[in-house]
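Here's the letter readout for the chains.
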Amino acid sequence: MNLIAPVFEGLPSPMFPPLLATAAQTNAYCQLSAEEITQTSAVHQLALQGDQAAQQRYQALVRQHAEQLQRCRSQTWPQKQAIWLRLYPCDAVDGVLEEVLDRIVSRGYNEVFLEVFYNGQVLLPAAQNSTRWPSVLRTPGYETRDLLAEAVRLGRERGLKGYAWMFTLNFGYSYSQSLETQSVLARNGQGATSLTSRAPEADGTTVNADELFIDPYHPQAKQDYAQLLQAILQRQPDGVLFDYIRYPKGTGSASVASRVQDLWIYGTAAQQALYQRALNQKGMELIQRFLTKGHVNSTDWSDLAARYPTEPIPLWQGLTPVSDAPISHWQNELWRLTVAHAIQGVLDFLAMATASVQQRGLKAGAVFFPEANQTVGQQGYDSRLQAWERFPHTIDWHPMAYATCADASCIVAQIQRVAAQAPSGTQIQPALAGSWGQTLNQHPPLEQQMQAIRQAFPQLQAVSHFAFSWQEPAFDHNRKFCQLR
């Protein structure tokens with residue numbers, strides 16, 4: 001099988017230039033020269049054709065570039081520069097994964113964030129996948145290929161640290177295809193899941209079939225995720241980054257949670273955990289009525305007084321008891337309780353996941369939207385309820401600073417919002433969207449974003465760029481759509 005030509009489309013012709021004897025040259029961003037990149041690819045192709053001299057030369061170039069990268073990054077801001085990367089089945093073709101990583105090194109990156117769990121599939125060998133999700137690489141004949149382990153190993157040879165990047169509360173559509181997982185799905189007050197809750201909006205927005213959010217309180221969700229995480233950790237990445245640590249982003253009016261029915265706490269496990277927060281019978285029943293009806297009134301209050309005469313007032317965790325308070329006070333307290341309960345489920349799930357990583361002495365990180373923890377109006381919240389300000393400061397924070405404006409000031413503002421709320425000592429590694437040397441999807445060139453961030457936050461020593469596919473669109477397209485046989 002020979003898929004090298006279509007996958008490597010755009011590389012130099014077989015008329016290779018003479019090999020350079022000088023060390024690789026880098027620019028202000030630790031990027032290799034165009035000549036060095038072209039030559040490395042040419043030598044690599046000769047090596048893949050069985051030329052032993054080229055194989056030795058290629059390995060020498062790999063070592064040379066790794067040393068050059070390490071030396072340059074140690075002297076250049078930022079010291080850690082990462083890129084987000086999704087692997088495809090065709091990366092199993094001989095030489096393709098090496099080419100991907102060579103291109104990453106040539107662009108000055110010394111960290112790569114490898115997407116290992118996304119859209120309901122996992123980057124595990126099909127023959128060794130005991131999780132509930134299908135493998136990314138499912139082509140017959142490739143059952144034992146371990147792209148994650150290979151990428152980590154080949155990355156280290158090139159001076160790249162390899163981090164596993166994985167979805168968290170978004171388990172993907174494939175997870176919903178089993179009857180026994182139906183009780184695990186997050187549900188709102190209408191009994192809808194994230195797949196069925198969002199009707200098409202006037203602007204044509206529809207549900208994202210790749211997103212399926214689970215109830216973070218459900219023990220089956222925790223067990224399934226823990227099993228997946230252990231399988232990922234066996235591939236010995238340098239750390240793990242957790243993404244989708246939140247609830248769904250609603251569209252239109254559903255982008256704000258302003259009623260208890262908007263919260264994703266109506267799954268059986270989430271409801272049971274909420275009721276257990278009550279400290280007396282009057283408190284439990286008032287919570288139940290609020291969850292069922294969306295409000296409580298004076299009739300509820302009189303009814304509960306008659307049923308539980310020995311209990312002066314309802315009590316639950318986190319409540320400051322107030323005697324003779326009006327019913328509106330209790331309504332507000334119940335809203336605060338249910339929002340806090342929804343948020344706590346997300347935080348507890350993240351804590352469970354990061355503990356497994358840190359117990360191995362590895363770095364853990366959380367990926368989040370800087371605006372996803374905001375209040376809206378008098379009592380509304382961003383529907384994602386991503387309370388990142390309460391994420392552990394012992395893990396790395398990766399705010400997705402994806403705002404679009406002409407001068408990068410809005411990006412700086414997003415990072416400033418995170419820095420202002422981060423506990424002292426928190427390691428912040430902003431994620432920027434864009435490409436080098438050009439405005440892409442309204443995102444300023446990366447050079448412009450980097451200069452603005454360095455000026456505003458010289459203390460930051462780590463940045464990441466989303467994504468490799470944006471920087472190498474033609475190469476990414478070839479890898480994504482080639483036919484692996």
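Remember, it's a predicted structure, so these values are computed and weren't measured experimentally.

(A) Broad picture of the overall build of the protein chain. Broken down by element type, the protein chain carries 14 helices and 12 strands. Judged by the C-alpha coordinates and their principal axes, the protein chain covers about 95 × 50 × 45 Å. Each of the 485 residues in the protein chain was classed as buried or not, and the buried ones make up 56%. When contacts within the protein chain are restricted to residue pairs at least 6 apart in sequence, those whose partners lie at least 24 apart make up 76%.

(B) Inspection of helix α5 (residues 147–157) at higher detail. Here α5 has its buried residues at Leu-147, Leu-148, Glu-150, Ala-151, Val-152, Leu-154 and Gly-155. Packing partners of the buried residues in α5 comprise α4 (96–106), β2 (111–118) and α6 (219–233). The positive-phi residue at the C-terminal boundary of α5 is Gly-159, with phi of around 80°.

(C) Representation of the state of the cysteines. Here the structure, examined in full by the defined rule, presents 3 disulfides. Note on cysteine connectivity: Cys-30 is disulfide-linked to Cys-72, with sulfurs 2.1 Å apart. Disulfide Cys-30-Cys-72: torsion about the S-S bond near -90°, hence left-handed. Residue Cys-30 is found in the loop between α1 (4–7) and α2 (34–48), and its partner Cys-72 is found in helix α3 (residues 52–75); the two are separated by 42 residues along the sequence. A single burial state applies to Cys-30 and to Cys-72, both of which are buried. Taking only the cysteines that form disulfides and numbering them from first to last, the protein chain has the pattern 1-2, 3-6, 4-5.

(D) Up close: the nonpolar core. Membership of the largest hydrophobic core comes to 128 residues, with the highest contact counts inside it found for Ile-104, Phe-117, Met-166 and Phe-242. Per element, the largest residue contribution to this core is 13 residues, and it comes from helix α10 (residues 327–358). The residues touching Ile-104, leaving out its near neighbours within four places in the chain, are Ile-83, Leu-85, Tyr-109, Val-112, Leu-160 and Phe-468. Ala-82, Trp-165, Ala-431 and Ala-467 belong to the second largest nonpolar core, which has 10 residues in total.

(E) Up close: the packing of aromatic side chains. Overall, the coordinates contain 26 aromatic pairs when judged by the stated rule. For the ring pair Trp-388 and Trp-397, a centre distance of 5.9 Å and an interplane angle of 75° mean the geometry is edge-to-face. With respect to burial, Trp-388 and Trp-397 carry one shared label: buried. Relative to Trp-470, the ring of Phe-466 lies with its centre 5.7 Å away and its plane at 75°, an arrangement referred to as edge-to-face.

(F) Molecular detail of the packing of α3 against α4. Between α3 and α4, the least distance of the axes is 11 Å, while the angle of their chain directions is 35°. The way α3 lies across α4 gives a crossing that is left-handed. Within the contact between the two elements, α3 uses Tyr-58, Val-62, His-65 and Leu-69 and α4 uses Glu-98, Asp-102 and Val-105. Among the residues forming the contact of α3 with α4, the class breakdown is 4 nonpolar, 1 polar and 2 charged.

(G) Structural context of the confidence of the model for the protein chain. Confidence in the prediction of the protein chain, expressed as mean pLDDT, is 93, and 93% of residues score 70 or more. Scored below 50 in pLDDT, residues 1–22 makes 45 contacts in the model with residues more than four places away or belonging to other chains.

(H) The pairing of strand β10 (residues 396–401), seen in detail. By the criterion of burial, β10 is predominantly enclosed, with 6 of the 6 residues buried. Side chains of β10 alternate between two faces, with Asp-396, His-398 and Met-400 and Trp-397, Pro-399 and Ala-401 buried alike. Sheet topology places strand β7 (residues 363–368) next to β10; 4 bridges connect them, and they run parallel. Across the sheet, residue Gly-365 finds its bridge partner in β10, namely Asp-396. The sheet contact formed by β10 and strand β11 (residues 431–433) spans 2 bridges and is parallel. For Met-400, the partnering residue across the bridge sits in β11 and is Ala-431. The β-α-β motif built from β10, the intervening helix α11 (residues 409–421) and the parallel element β11 has right-handed crossover chirality.

Criteria and thresholds
Residues numbered from 1 in each chain as written. Predicted model: local features only at pLDDT ≥ 70, side-chain atom pairs only at ≥ 80, totals over all residues. Heavy atoms only, no water. Helix = DSSP H or I, 4+ residues; strand = E, 2+ residues; numbered from the N terminus. Buried < 20%, exposed > 50% of the residue type's maximum accessible area, 1.4 Å probe, protein only. Contact = heavy atoms within 4.5 Å. Disulfide = S-S within 2.5 Å. Core = buried A, V, L, I, M, F, W, Y, C linked by side-chain atoms within 4.5 Å. Phe/Tyr/Trp six-rings, centres within 6.5 Å; stacked < 30°, edge-to-face > 60°. Axes fitted to C-alpha atoms, helices over the stretch in contact; angles between N-to-C directions. Left-handed = near helix turned anticlockwise from the far one by under 90°. Nonpolar A, V, L, I, M, F, W, Y, C, P; charged D, E, K, R; others polar. pLDDT = per-residue confidence, 0-100. Pairing = 2+ DSSP bridges. Right-handed = clockwise from strand over helix to strand, strands pointing away.

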